[in-house]
Amino acid sequence: MKTGGCILTFVVLVLSSLWQQGRAQEATQTKPNVSSHDGQRDFDFNFGVWKTHIKRVLDPLSGSNKSIELNGTVTVQQIWGGRAQWEEIEADGPNGHWQGMTLFFYNPEAHQWNQYFINSKVGELTPPLVGAFKDGRGELFSQDTFNGRSILVRAVWSDIKPDSHHFEESYSDDGGKTWAPAFIANLTREKLSPAASATTTDTGANQVGDARDGAHDFDFDFGTWKTHSSRLLHPLAGSKDWAEMDGVTVVKKLWGGKANLAEYKAEGPAGKVELMALRWYNPTTHQWNIDFATPKRGALGSIPGVGEFKNGRGDFYDQESINGKTILVRFSIGGFTPDTAQSEQPF
């Protein structure tokens, strides 16, 4: 077991900025199908390895039927003790090899699912789709921008059987009166148990020209760590009251190392904390993004930290709000030895 403080400041972020990000995010998200139904098991049908045939409409809101077709594999794994799912998509078509990955969170307070998506060549997290299952059909919604226009996005899982299901993503630019299919996939089960995340074959994602390729800068972090954390209870208020916590952090490699998940649990005199961090590499900007979720909210924060590693140290920045004031936040990690690391987060 590795020992050290590599995830020292997870606690600070989750108890300050993440809560306030969540309040702002919840106020703007579309939330259809709200009910008291406990839907934490609604996506269980999705676990496994699937063969998929995909039809992607190139300009769905123009009335054109021009599209491309791809064939590939979808691998879905349960993570975070069943409160989340990780989906990796690989497909080949007329434009070559394509990869995507999806993170699903269940929000136990809203009884809804949140779905986030990242394209390997773009490396940006899309706005989450939010929704629930009813009568064996899942519908999640979001607001996004397409060709400069604000649109609604709807994702639907239907025709769900033990070894097959149908997925369709549609766009609407008239407030949901009409929907135009943009992405259609039919999936047929190949295996019940998903394979471990494999090294990516998407070689184009790592071709960064003269810029430094930092896609493996977090490789040092894979594994299980004993973690000691110190949390300032009232940051930016002149407080000198610190809470000490001890726990364990488990970091899992995903997407061939270009993404990873860190699961953190700790407790001390001030209580218990549990959270998960998603870190993913953007091959276009050559930067890493870091975002967090807690079991209670079941969603990522609205503003990821963004940065990179230089000279053996990683620095990641974002702008947030605390106690009504806009602040800058820096998360730093360094002090590496083969079995230890240190991190801190100042405001």
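Residues numbered from 1 in each chain as written. Predicted model: local features only at pLDDT ≥ 70, side-chain atom pairs only at ≥ 80, totals over all residues. Heavy atoms only, no water.

## A short note on the pairing of strand β3 (residues 67–79)
- Direction of pairing for strand β2 (residues 48–57) relative to β3: antiparallel, over a ladder of 10 bridges. Bridge pairing in β3 links His53 to Asn71.
- Between the end of β3 and the start of strand β4 (residues 84–93), which pair antiparallel, lie 4 residues, with Trp80 showing a positive phi angle near 55 degrees. (Pairing = 2+ DSSP bridges. Helix = DSSP H or I, 4+ residues; strand = E, 2+ residues; numbered from the N terminus.)

## Some thoughts on the side chain of Asn107
- You can see Asn107 is positioned in strand β5 (residues 96–107).
- Its relative accessible area of 10% is what places Asn107 among the buried residues.
- Once residues within four sequence positions are removed from consideration, Asn107 is found in contact with Gln112, Asn114, Lys296, Arg297 and Gly298. (Buried < 20%, exposed > 50% of the residue type's maximum accessible area, 1.4 Å probe, protein only. Contact = heavy atoms within 4.5 Å.)

## Looking at the packing of aromatic side chains
- This structure, assessed with the given rule, holds 26 aromatic pairs.
- Relative to Trp113, the ring of Phe43 has its centre 5.0 Å away and its plane inclined at 85 degrees; by these criteria the two rings are edge-to-face. Of this pair, Phe43 sits in the loop between α2 (17–28) and β2 while Trp113 sits in strand β6 (residues 112–119); the two residues are 70 residues apart in sequence, bridging distant segments of the chain.
- Owing to a relative accessible area of 0%, Phe43 belongs among the buried residues under this scheme.
- Ring centres of Trp98 and Phe183 lie 6.4 Å apart, and the angle between their planes is 50 degrees; this geometry places the pair in the tilted category. With Trp98 in strand β5 and Phe183 in strand β11 (residues 180–191), this pair connects stretches of sequence that are 85 residues apart. Of the two residues, Trp98 and Phe183, neither departs from the other in class, the shared state being buried.
- Members of the aromatic cluster, joined through ring pairs, are Phe43, Phe45, Trp98, Phe104, Tyr106, Trp113, Phe117, Phe133, Trp157, Phe167 and Phe183.
- Lying over the aromatic face of Trp80, Arg83 brings its terminal NZ or CZ to 4.7 Å of the ring centre.
- Cation over ring: Arg279 sits above Phe218, and NZ or CZ is 4.4 Å from the ring centre. (Phe/Tyr/Trp six-rings, centres within 6.5 Å; stacked < 30°, edge-to-face > 60°. Lys NZ or Arg CZ within 6 Å of the ring centre and 35° of its normal.)

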